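Examining the three-dimensional arrangement
Given next are the chains, with one letter for each unit.
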Amino acid sequence: MKKINFLNLGKHPITNNFLSTANPKNEFFYNLKLSYHTETKLISLNNFVPPKKMFNNRYAHRASASMTMRKAYADLAKKIKKKFNPRSILEIGSNDGVFIKHFSDIQNIGVEPCKNLADLTTKMKIKTYDKFWTFLLSKKINKKHGKFDVIYSANTISHIHKLDETFKAIENSLNEEGIFILEDPSLLKSLQKLSYDQFYDEHAYVFSITALRNITKKSGLEIFNIEELNTHGGSNRVYFKKKTNKKFKISNNVKRHLSTEKKYGIHKFRTYQIFAKNVNKSKESLIKIFQSIKKKKKKIIGYGATYKSSTVLNFCKINKNYINYFVDTTPTKSGKFTPGSHIPIKAYKGISDDVDYAFLGAWNFKDEIYKKEKKFIKRGGKFITHVPYPRIL
Ligand code: DWN
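Residues numbered from 1 in each chain as written. Predicted model: local features only at pLDDT ≥ 70, side-chain atom pairs only at ≥ 80, totals over all residues. Heavy atoms only, no water.

1. Looking at the site of the ligand
Around the ligand, 25 residues are found, and the nearest of them are Glu202, Tyr307, Lys308, Lys333 and Lys372. Asp328 is positioned with one of its side-chain polar atoms (N or O) 2.8 Å from an oxygen atom of the ligand. One nitrogen or oxygen atom from the side chain of Lys333 is found 2.6 Å from an oxygen atom belonging to the ligand. Compared with its free state, where it exposes 710 Å², the ligand has 96% of that area covered by protein. Looking at the shell around the ligand, the elements that each hand over two or more residues are helix H10 (307–316) and helix H11 (366–372). Here the shell around the ligand takes three residues from H11, the largest share from any one element. Partitioned by chemical class, the residues of the shell around the ligand number eight nonpolar, eleven polar and six charged. Per-domain counts for the shell around the ligand show at least three residues from each of domain 1 (3–36 + 270–392) and domain 2 (42–266). (Near = heavy atom within 4 Å. Polar contact = N/O pair within 3.5 Å; in protein donor to acceptor, adjacent residues only side chain to side chain. Areas by Shrake-Rupley, 256 points an atom, 1.4 Å probe, with all protein chains shown as cover. Helix = DSSP H or I, 4+ residues; strand = E, 2+ residues; numbered from the N terminus. Nonpolar A, V, L, I, M, F, W, Y, C, P; charged D, E, K, R; others polar. Domains from an automatic or database assignment.)

2. Points about the side chain of Ser158
When you line up the elements, Ser158 lands in the loop between strand S7 (148–154) and helix H5 (163–173). Given a relative accessible area of 1%, Ser158 falls into the buried group. Engagement of the side chain of Ser158 in a polar contact is seen with the side chain of His159, the distance being 3.2 Å. Of the polar contacts made by the side chain of Ser158, one reaches the side chain of Asp184; its length is 2.7 Å. What Ser158 contacts, discounting residues up to four positions off in sequence, is Asp184, Glu202, His203, Ala204, Tyr205 and Phe207. (Buried < 20%, exposed > 50% of the residue type's maximum accessible area, 1.4 Å probe, protein only. Contact = heavy atoms within 4.5 Å.)

3. Brief notes about the pattern of salt bridges
Within the structure shown, the criterion is met by 15 salt bridges. Among the salt bridges present, the one from Asp149 reaches Arg87, with a minimum N-O distance of 3.0 Å. You can see Asp149 sitting in strand S7 and its partner Arg87 sitting in the loop between helix H2 (67–84) and strand S4 (88–92), a full 62 residues away along the chain. Using a relative accessible area of 62% as the deciding quantity, one classes Arg87 as exposed. Two residues, Asp353 and Lys375, come together in a salt bridge whose shortest N-O distance is 3.9 Å. Here Asp353 is found in the loop between strand S14 (345–347) and strand S15 (357–360), whereas its partner Lys375 is found in helix H12 (residues 374–378), with 22 residues between them in sequence. We classify Asp353 as exposed; its relative accessible area is 57%. A single salt-bridge network, built from bridges that share partners, covers Lys79, Glu183, Glu227 and Arg237. (Salt bridge = Lys/Arg side-chain N within 4 Å of Asp/Glu carboxyl O.)

4. Digging into the domain arrangement of the protein
One can read the domain layout of the protein as domain 1 (3–36 + 270–392) and domain 2 (42–266). Summed over both partners, the interface of domain 1 with domain 2 buries about 3500 Å², with 61% contributed by carbon and sulfur atoms. In this assembly, domain 1 and domain 2 are joined by zero salt bridges. For the pair domain 1 and domain 2, the number of links is 18 residue pairs in polar contact (both at pLDDT 80 or more). Residue assignment for the side of domain 1 that touches domain 2 shows that the elements contributing at least two residues are strand S1 (3–13), strand S2 (29–37), helix H9 (269–295) and H10. If you tally residues by element for the side of domain 1 that touches domain 2, the top one is S2, at seven residues. Of the residues belonging to the side of domain 1 that touches domain 2, the class tally is 21 nonpolar, 14 polar and five charged. (Buried area = accessible area lost by both parts, 1.4 Å probe.)

Put into structure tokens, the structure is as follows:
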């Protein structure tokens, strides 16, 4: 049983470290390498970055920054209420409350280690623990609030290094008929779309259903349903129940997902060697696109200073020689510089008339962005993307 490295993406900064200067001193860098676990088939970073370096009082990302996600969370809240009628809900990684706020009519508790975010939900009168999710915390919460009918966690479990403890703590905080809903980017979709930017410091893991099943085998939890989502470039919503709970039947789609992944070769090391080769090709081709546009003296900006784009910019060494600046709707990012690549970030006020190309940092919100940028497209403005292969759109 061991981890085998299959891709070296080079030196990378902390993606949340939006800088206040273009010439920072002592910026932290680590080696971003990806590994395959021979037994569990879990795909992870080779070395983890200490959590407190990433999740702190200066956390920039706001889950409610896009209309797409605001709607997705409101719709999901309605669905959970209708389907499971919970009396209590706990969210691990409650960010700015975009999901948990829909449950103010029942007991709703947030867990959010980034204090600046936890303060936001506390102000919304949602009891929020500004702590990392651990077994100890689950015991403390149980003592105070009892166990939960639903535990929900979107884009967070893939960020937590100690998975065994994480699932044990979830099991410990669930009622006997309670359910745990996990939502995270899909490894299968990342491989198919060659979206290597799903890998960065915070994403310690990108989960396949195969690996999730393997790592929870020894726990008291089992998967009973899976939904495929378009969010974040392709995610899985995975429903877990206690093995002792016979209230919910295991859906046929669990087998179907496992077999689709098997057909793709998710369990084989060879699949990741091919992925690595294609990622390196994608890098060369993206650089060529930027170079040819710059030769024509055209102006390129970045659209959406995402954490994902940090991987692309730093891996492909795209800096302010190529991209003049990024626009982003998140207030905490504006006036700052992108980590590692040091490109200025401006508050979004539309795309200015002198811009010829916009690199889609937020490619996962392409539909929303296209709707908003009709004027830019109409006047001949073009987008650049690297997903599923580098091209001008
Ligand atoms: O897991 C994570 C995901 C959910 O959120 C975290 N580790 C960190 C963060 O990753 P990301 O930055 O790659 O996520 P998003 O949601 O793809 O970020 C979108 C960014 O683009 C935001 O900063 C908002 C911005 N944006 C914009 O400026 N204009 C987005 C849209 C739709 C827009 O129209």
